[in-house]
Amino acid sequence: DIQMTQSPSTLSASVGDSVTITCRASQGISDWLAWYQQKPGKAPKLLIYRASILEGGVPSRFSGNESGTEFTLTINSLQPDDFATYYCQEYNHWTFGQGTKVEIK
Amino acid sequence: QLQLQESGPGLVKPSETLSLTCNVSGDSISNGHYWGWIRQPPGKGLEWIASTAYSGSTYYNESLRSRATISVDTSKNQLSLKLTSVTASDTAVYFCARHMTSLYVAEYLQYWGQGTLVTVSS
């Protein structure tokens, strides 16, 4: 089975900061990785697919990158609406990372 | 506009079978897309359960394969999930979702329902 190791589990930041979340796959997954944002009591929302392609309507301050089996989600200039939990997911077998909660410092 | 709406019993007793449905509107469940179930225990992360497509393959999370059955009902345009022999660890919000599907391959989860909470308790 493919394991997805996401870090950090919690990230404290301020409005305007840039933050990066990392996801490492236990084996090669090509670029079959998606990022989701979830707010309390809501369904996850797709942000990025194919490691770096923004879903329609997602602000350009979100970006994804890939380097081998390491994937990153960067949020530039954090906005109040960005404080949420973020999950990566590989879609060879649809395994999620453990999630990263981005909270207000 | 695609809409997914989960429904379920809310409360299930241990050892019983959990049955969920996902009503699909704005799209035909038999149009070739893959559809899936994902769950999230209270305060915890997301876990993919299973995915299927009408006239397509069916995939299960190996940890749940022996207890889960996913199916589509084209007459009702619904996706269903049955999970047998439930325990307290099956307490979760259950989401249905539609995969992005290309060349008959299920990719990422593009559209999600709002989820329904199922509690397993006597």
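Just above sits the structure.
Residues numbered from 1 in each chain as written. Chains lettered and ligands numbered in written order. Predicted model: local features only at pLDDT ≥ 70, side-chain atom pairs only at ≥ 80, totals over all residues. Heavy atoms only, no water.

Novice: Is there a simple way to explain the pattern of salt bridges in this structure?
Specialist: Where side chains of opposite charge bring their charged atoms close, a pairing between them can arise. Applying the stated criterion across every chain yields a total of 9 salt bridges over all chains. As a salt-bridge pair, Glu 107 of chain B and Arg 50 of chain A come within 3.1 Å of each other at their nearest N and O atoms. On the criterion of chain membership, the pair formed by Glu 107 of chain B in strand 10 (residues 105–112) and Arg 50 of chain A in the loop between strand 5 (45–49) and strand 6 (53–54) is interchain, its members lying in two chains. Judged by its relative accessible area of 4%, Glu 107 of chain B falls in the buried class. Among the ionic pairs, Arg 39 of chain B bridges to Asp 90 of chain B, the shortest N-O distance being 2.8 Å. Placement of the pair is Arg 39 of chain B in strand 4 (residues 35–40) and Asp 90 of chain B in the loop between strand 8 (78–83) and strand 9 (92–102), with a sequence separation of 51 residues. Several salt bridges share partner residues, and in doing so they unite Arg 39, Glu 47, Arg 67 and Asp 90 of chain B into one network. (Salt bridge = Lys/Arg side-chain N within 4 Å of Asp/Glu carboxyl O. Helix = DSSP H or I, 4+ residues; strand = E, 2+ residues; numbered from the N terminus. Buried < 20%, exposed > 50% of the residue type's maximum accessible area, 1.4 Å probe, protein only.)

Novice: Teacher, can you tell me more about the environment of Lys 45 of chain A here?
Specialist: Residue and element names in this part refer to chain A. In this fold, Lys 45 is placed in strand 5. Through-space distance from the C-alpha of Lys 45 to that of Gly 57 is 11 Å; in sequence the pair is 12 residues apart. Every residue in contact with Lys 45, bar those within four places of it in the chain, is listed here: Trp 35, Tyr 36 and Gln 37. (Contact = heavy atoms within 4.5 Å.)

Novice: Would you take a moment to explain the sheet that holds strand 3 (residues 18–25) of chain B for this structure?
Specialist: The pairing of strands in a sheet comes from backbone hydrogen bonds and takes either a parallel or an antiparallel form. Residue and element names in this part refer to chain B. Within the open sheet, the 4 strands sit side by side as 1-3-8-7. Their pairing is antiparallel. For this open sheet the edge positions go to strand 1 (3–7) and strand 7 (68–73), each flanked by a neighbour on one side alone. If you compare each strand with its neighbour and ignore which way they point, the axes differ by 15 degrees on average. The pairing of strand 3 with strand 8 spans 6 bridges and is classified as antiparallel. The partner of Ser 19 across the bridge, within strand 8, is Lys 82. (Pairing = 2+ DSSP bridges. Axes fitted to C-alpha atoms, helices over the stretch in contact; angles between N-to-C directions.)

Novice: How do you make sense of the state of the cysteines when you look at a structure like this?
Specialist: As used here, a disulfide is simply a covalent bond connecting the sulfur atoms of two cysteines. Scanning the model with the defined rule gives 2 disulfides over all chains in all. Through a disulfide, Cys 23 of chain A is tied to Cys 88 of chain A; the S-S separation comes to 1.7 Å. Taken together, the residues span a long stretch of sequence, with Cys 23 of chain A in strand 3 (residues 19–25) and Cys 88 of chain A in strand 9 (residues 85–90) at a distance of 65 residues. One disulfide bridge connects Cys 22 of chain B with Cys 96 of chain B, the sulfur atoms lying 2.0 Å from each other. Here the S-S torsion is close to 60 degrees, and the disulfide linking Cys 22 of chain B with Cys 96 of chain B is therefore right-handed. Taken as a pair, Cys 22 of chain B in strand 3 and Cys 96 of chain B in strand 9 lie far apart in primary sequence, 74 residues in all. (Disulfide = S-S within 2.5 Å.)

The values are spatial; any link to function lies outside them.
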